[in-house]
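Chain residues, written in single-letter form:
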Amino acid sequence: MSPDFQIPLGFSGVLAAIACLIGGAAWFADGYRVLRLRRALAALRERPLAGLREGLVRVQGRVSLVSPLFSPLGGVPCAGFSLEVSDAAAALSGTVRETRPFELRAGDDSAQVEPDDSEWSLPVTQEREFAAGEALGAPLEALLERHEELSWLRRRGGALRIVERALLPGAVVTVIASAVHGAEAIAEPEIEWARTGTDGAAFAVAAAVAPSFAWRLESPEGFPTQVLADGASASRPLPAAWRTLGGVLGPALALAGLLHLAHVAGATMAGGR
C-alpha cells in the first residue's frame, strides 16, 4: 500500500479495511454507471417511434390520454399538471404536481410513458391571481391542503398567484427515457359451454390468455425520465462528471482494503506458529 494511506492494525483496522473494500466496490459501480450514462446521453439522437429499440432513447410524438386528470385552473383533461403557487411578492412559493401514464403516438406507432421518477417541462396553460380571502374553489382548496407548504401559504391569508402548467392531449412532446418491450396479458371474455349430462346446466371458462406486446418508456437507472413539451430543453443536466472518478478511485480504495486484510491474515498466521 502507499505510505500515505495506512490502515491501523487491530480490530478497528479490520473494520476500516472491510469498509474500504465494500465502499470501493460501490464507488466503482456508481462511477462506471455514470460514465456509461453520460456517454449514452451525449450521443443520444432522436429516433422515430417506428424504429424503437430497447435501451436509452429520445423519441417524439403526440400525447394521447390513458387515464386523464383535469387541470385545476383550466378544468380540461390532461396527462398531468403542476401548480406553482406564490404570494403576491413572490417571496414564498411552492409547487404541487400530479401525473398519470400517457400514450405517446406517432402515426400507428405508440408507447406508454410511465410518470414515476420523471421530470416534465411544460408550457403555461393558465395563470390566476387570488385576492386575500378570495375563495379558490373546493377542488383547488383540497389540492393545496394535501401539501404542507402550500397549505401553510394559504393559511397566511395573503394574496396568491397560481401558475398552471399542464400536458394536454395532442401536444407534441419529446421523451428521453429507457424503452422496454414487454408482454401484457389480455384476458378474453368467458365462454359459456353446455355441461354434458341430462341436467341441462352450463358452466363458463375463460378463453386462453393472448399476449399483446407494447413499448413502455420508463426511467433509466440513475436518471429521471424527461418529458419535454413544445421544444423545452431538458430540465436535468448530465450527471456530474466528478462522479466518474469512482471508476478509478473505487478499485484503488477496494484494493487498499483487500491488501490490509491480507496483511492482517498473514500477521495472524505468523503469530500462531
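What you see is a predicted model; the values in this text were computed from it and never measured. (Residues numbered from 1 in each chain as written. Predicted model: local features only at pLDDT ≥ 70, side-chain atom pairs only at ≥ 80, totals over all residues. Heavy atoms only, no water.)

Participant: Where do I start with the overall build of the protein chain in this structure?
Facilitator: Of regular secondary structure, the protein chain possesses four helices and 15 strands. Of all 273 residues assigned to the protein chain, the portion counted as buried reaches 30%. Of the contacts formed within the protein chain by residues at least 6 apart in sequence, a portion of 71% connects residues at least 24 apart. Within the structure as shown, the protein chain displays about 15800 Å² of accessible surface, and the carbon and sulfur contribution to it stands at 57%. (Helix = DSSP H or I, 4+ residues; strand = E, 2+ residues; numbered from the N terminus. Buried < 20%, exposed > 50% of the residue type's maximum accessible area, 1.4 Å probe, protein only. Contact = heavy atoms within 4.5 Å. Areas by Shrake-Rupley, 256 points an atom, 1.4 Å probe, with all protein chains shown as cover.)

Participant: How should I be thinking about the sheet that holds strand β9 (residues 124–130) in this particular structure?
Facilitator: Backbone-to-backbone hydrogen bonds join strands into a sheet, with any given pair of strands oriented parallel or antiparallel. In spatial order, the strands read β5-β4-β10-β9; together these four strands make up an open sheet with antiparallel pairing. Each edge of the open sheet carries a strand with a single partner, namely β5 (93–99) and β9. Put simply, the sheet's adjacent strands are angled 15° from each other on average, direction ignored. Helix-sheet contacts for helix α2 (residues 138–145) involve β4 (80–87), β5, β9 and β10 (160–167), and the interaxial angle to β4 is about 80°. (Pairing = 2+ DSSP bridges. Axes fitted to C-alpha atoms, helices over the stretch in contact; angles between N-to-C directions.)

Participant: I'm lost on the pairing of β4 in this one. Help?
Facilitator: Each regular strand carries side chains that alternate between the two faces of the sheet. For β4, a buried count of seven out of eight residues is recorded, marking the element as mostly surrounded by other parts of the structure. Here β4 pairs with β5 via seven bridges, running antiparallel. For L83, the partnering residue across the bridge sits in β5 and is V96. Inspection of the sheet shows β4 paired to β10 by eight bridges, in the antiparallel sense. From the neighbouring strand, F81 faces β10, where its bridge partner is A166.

Participant: What should I look at first to understand α2 in this one?
Facilitator: Residues spaced three or four apart along an α-helix point in a common direction, a consequence of the helix completing one turn every 3.6 residues. Within α2, burial applies to L140, L143 and L144. All buried residues of α2 project into a common sector of 95° when viewed along the axis, lining one side. Those residues of α2 that are buried are in contact with β4, β5, β9, α3 (148–155) and β10. (Arc of directions from axis to C-beta.)

Participant: Looking at this structure, how should I read unusual backbone geometry?
Facilitator: Trans peptide bonds make up most of the peptide bonds, and negative phi angles are found at most residues other than glycine. Positive phi is not limited to glycine here, since D117 has a value of about 50°. Here D117 shows up in the loop between β7 (109–113) and β8 (118–121). Taking relative accessible area as the criterion, D117 reaches 52% and is therefore assigned exposed.

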